[in-house]
2 protein chains.
Amino acid sequence: MKIGFIGLGVMGRPMAGHLLAAGHELFVNRVKPVSQFLVDQGATACATPAEVATAADVVILMVPDTPDVDEVLFGTNGVAEALSPGKLVIDMSSISPVATKDFAARIAAKNCGYLDAPVSGGEVGAKNAALTIMVGGSEDDFARALPLFETMGKTITRVGGIGDGQTAKVANQIIVGLTIEAVAEALLFARNAGADPAKVREALMGGFASSRILEVHGERMIKETFDPGFRIRLHNKDMNLAVESARALEIGLPGTALTQQLMNAALGAGDGDLDHSGLIRTLARLSGQGD
Amino acid sequence: MKIGFIGLGVMGRPMAGHLLAAGHELFVNRVKPVSQFLVDQGATACATPAEVATAADVVILMVPDTPDVDEVLFGTNGVAEALSPGKLVIDMSSISPVATKDFAARIAAKNCGYLDAPVSGGEVGAKNAALTIMVGGSEDDFARALPLFETMGKTITRVGGIGDGQTAKVANQIIVGLTIEAVAEALLFARNAGADPAKVREALMGGFASSRILEVHGERMIKETFDPGFRIRLHNKDMNLAVESARALEIGLPGTALTQQLMNAALGAGDGDLDHSGLIRTLARLSGQGD
């Protein structure tokens, strides 16, 4: 298949690499030193997103944030102006579910398909083609893209229509962020009450408090090993997406707002590049502990 | 063994029943209609906690809150005034870890042992002798009590010294409460963004958002079946314990405080006797949804 891939960062590069290795014809929009190896292996370098969209039948985006998707699709020399009917745009970035519905409608007006397909699993998942991919869009577009998703990921779920993939990703980041907050408060409490947080974690692992976060991030908090993993800075971007989307939907999410504020504070304290389990440092700092 | 059991409520009755069935000599402090069956089966009724403490070698408490333990132990005709050296007090109520250290010290002054041993698992766990028991106290006292714990529970952990059992229980309730809040915000978000919350939950179950709460309470939220389970009213008592203990320890736990406030509101709205997964109703109500 002729595939365009726009956004060759930490995640996009290995994902595009898997598609190329699987025998697809790959078109990339810019060649930086980090992506030169894709061209060396046979990818075609294009000058603009429009050129990519002219050459490819399926255009995949993997860029940082909502405005980046807007720019790549609808900016000058963007994808939209070069799309011919029947092509398919797949946005694998993590962006606003609300904006996604608008983007998809504008692409649909060009008689092209659109899928939102954000991922979780991080750099390790991208390199090992083991990503979790949450997809929103029509069943036909999903069926067309499935072989590509299977080349890049392991757990692939069509959650529903346009935007529902992004919604699932935001829901995921809300739960992960607030559960980290939960475990951090509990372990900080245990430490201050004079108990051994490691033994408390152990006693809790069998019951209703058990979670992947208590298991993995709880251990990081206890050992104070905060190498990412997933950086607070990036999770903060996702929490901001949740807070902005909640505002657009006119719903109040007080726990999400609180956790985002604590992540803001973590960045202010210089902890932005720690793993998100490092949020326990922010909580401790609040009461004059640590540092 | 001669065992005193004070507090024959929903939890205490089946727990005392297991001890009696295992062949122990049981002394209870009051006989209400609900506990008459214990006397029918051979338990001895005493008039006061002091009488129980005179007759028994090990006195178990299972009462609602910190002031109740204070009253039973140190009130008029309380346990403490009748204790002779070498006896053991086991408090299986869920109360303040800070107050527990004071209570234990006053019991130690009478040359008696003390264990704090709160449980989780609820009425079902009590009836099936399948409780999780989190214990604080000396290794010797723990060894002495272990056969009794094994008669009432399944997962028994000595977390550490005096108070550490209560600390683990509070930590457990913090995590459970805040994870319910996390799942409720995520599913409310999904519903408002137009996605099917059931499919979002499904897509999230394999990854870092997975937890017992997402599995069990997430399903209750989606199906809107809020029969307890564990009542918001009781969880609110535990969250209050966390907030009071945090105040005593001079640490700030903002997520715990927020969740307690939402539980207060749930009680005000008449939802106190719903399962704690019903907290999603409080969140929805905040934005004018539901009811």
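Here the structure is shown first, and the text comes after it.
Residues numbered from 1 in each chain as written. Chains lettered and ligands numbered in written order. Predicted model: local features only at pLDDT ≥ 70, side-chain atom pairs only at ≥ 80, totals over all residues. Heavy atoms only, no water.

Engineer: Got a sec to walk through the interface of chain A and chain B? Specific residues and values, please.
Structural biologist: Contacts between the two partners involve 62 residues from chain A and, on the opposite side, 62 residues from chain B. Approximately 4,900 Å² of surface area, both sides summed, lies buried where chain A meets chain B, with 72% of it carried by carbon and sulfur atoms. On the chain A side of the interface with chain B, the three residues burying the most area are Ile175(A), Phe189(A) and Phe208(A), jointly 16% of the side's total. Linking chain A with chain B are 0 salt bridges. Our enumeration of links across chain A and chain B arrives at 10 residue pairs in polar contact (both at pLDDT 80 or more). Considering every element that reaches the side of chain A that touches chain B, the biggest residue donor is helix H8 (residues 164–192) of chain A, with 20 residues. Here the residues of the side of chain A that touches chain B sort into 36 nonpolar, 18 polar and 8 charged. (Contact = heavy atoms within 4.5 Å. Buried area = accessible area lost by both parts, 1.4 Å probe. Salt bridge = Lys/Arg side-chain N within 4 Å of Asp/Glu carboxyl O. Polar contact = N/O pair within 3.5 Å; in protein donor to acceptor, adjacent residues only side chain to side chain. Helix = DSSP H or I, 4+ residues; strand = E, 2+ residues; numbered from the N terminus. Nonpolar A, V, L, I, M, F, W, Y, C, P; charged D, E, K, R; others polar.)

Engineer: Describe in detail the relation of the copies chain A and chain B, supporting the description with residues and values.
Structural biologist: In screw terms, the move from chain A to chain B is a rotation of 180° and a rise of 0.0 Å along the axis, fitting with an RMSD of 0.0 Å. The transformation just described matches what one would write down for a two-fold rotation axis. Every residue of chain A has its C-alpha some distance from the rotation axis, and the shortest such distance is that of Ser211(A), at 2.0 Å. The share of interface residues of chain A whose copies in chain B are also at the interface is 100%, consistent with both copies meeting through the same surface. (Least-squares fit on C-alpha atoms with pLDDT ≥ 70 in both.)

Engineer: For the environment of Asp57(A), give the residues involved together with the corresponding values.
Structural biologist: Residue and element names in this part refer to chain A. Within the secondary structure layout, Asp-57 lies in the loop between helix H3 (49–55) and strand S4 (58–61). For the pair Asp-57 and Gly-4, spaced 53 residues apart in sequence, the C-alpha separation works out to 7.5 Å. Residue contacts for Asp-57: discarding those within four places in its chain leaves Lys-2, Lys-87, Leu-88 and Arg-144.

Engineer: Outline empty space enclosed by the protein, supporting the account with residue identities and numerical values.
Structural biologist: Per the counting criterion, the structure on display carries 2 cavities of 30 Å³ or more. Volume-wise, the largest cavity comes out at about 70 Å³. For the largest cavity, the full set of lining residues is Leu178(A), Glu181(A), Gly255(A), Leu258(A), Thr259(A), Leu178(B), Glu181(B), Gly255(B), Leu258(B) and Thr259(B). Secondary-structure elements contributing two or more residues to the lining of the largest cavity are H8 and helix H12 (254–268) of chain A together with helix H9 (164–192) and helix H13 (254–268) of chain B. Counted as a void, the second largest cavity has a volume near 40 Å³. The wall of the second largest cavity is formed by Ala203(A), Leu204(A), Gly206(A), Gly207(A), Ser120(B), Thr132(B), Met134(B) and Asn172(B). (1 Å grid on protein atoms, 1.4 Å probe; cavity = no way out; pocket = protein on both sides within 12 Å on 5 of 7 lines; lining within 4 Å. Points joined across faces, edges and corners; volume = space filled by probe spheres on them.)

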